[in-house]
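# Results of the structural survey
Chain by chain, the residues:
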Amino acid sequence: QVHLVESGGGLVQPGKSLRLSCAASETISTIDIMAWYRQAPGKQRGLVAQTISGGATTYPDSVKGRFTISRDNAKNTLYLEMNSLKPEDTAVYYCYAFHLGMSYWGEGTLVTVSS
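Residues numbered from 1 in each chain as written. Predicted model: local features only at pLDDT ≥ 70, side-chain atom pairs only at ≥ 80, totals over all residues. Heavy atoms only, no water.

## Quick look at the pattern of salt bridges
Going through the model one piece at a time under the given rule, you end up with three salt bridges. With a closest N to O distance of 2.9 Å, R38 and D89 form a salt bridge. A residue pair is termed long-range when its members are at least 10 positions apart, and R38 in strand β4 (residues 33-39) and D89 in the loop between β8 (77-82) and β9 (91-99) qualify at 51 residues. In this structure R38 comes out as buried when scored by relative accessible area, which is 16%. Taking relative accessible area as the criterion, D89 reaches 1% and is therefore assigned buried. Measuring nitrogen to oxygen at the nearest pair gives 2.8 Å for the salt bridge that ties R66 to D89. (Salt bridge = Lys/Arg side-chain N within 4 Å of Asp/Glu carboxyl O. Helix = DSSP H or I, 4+ residues; strand = E, 2+ residues; numbered from the N terminus. Buried < 20%, exposed > 50% of the residue type's maximum accessible area, 1.4 Å probe, protein only.)

Laid out in structure tokens, this is it:
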């Protein structure tokens, strides 16, 4: 069982930056896949950024060059650095882990990009 707790969401102006954190109950260096997803009102949940245990990362075109996913194994924490935020980035952001054949989700943290 992996427990994930997100933090760092809030209201931010367009063009500004925000960093989300995801604290895991497991040693994240052993977790195969960790990722951030987001879900805007009325839309499906979609991948924002993914990192696998070997270090490779994946981003959709919508955030590539603006968002960066990283792991701090010493703190068992996953991060999402978000730069040049746009109103269309407004969503609930979820932390995700795939470990020993099971998927785990956090409760989500709301990010609102608005002037």
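## As for the state of the cysteines
In the structure shown here, the tally under the stated rule is one disulfide. Put simply, C22 and C95 are joined by a disulfide, and their sulfur atoms are 2.0 Å apart. Handedness here is read from the sign of the S-S torsion; for C22 and C95, about -80°, the answer is left-handed. Taken as a pair, C22 in strand β3 (residues 18-24) and C95 in strand β9 lie far apart in primary sequence, 73 residues in all. Accessibility assignment for this pair places C22 and C95 in one class, buried. (Disulfide = S-S within 2.5 Å.)

## Focus: the environment of L20
Looking at where L20 falls in the secondary structure, it is placed in strand β3. With residues near it in sequence (within four places) discarded, L20 still touches S7, G8, G9, W36, L78, Y79, L80, M82, Y93, T109 and V111. (Contact = heavy atoms within 4.5 Å.)

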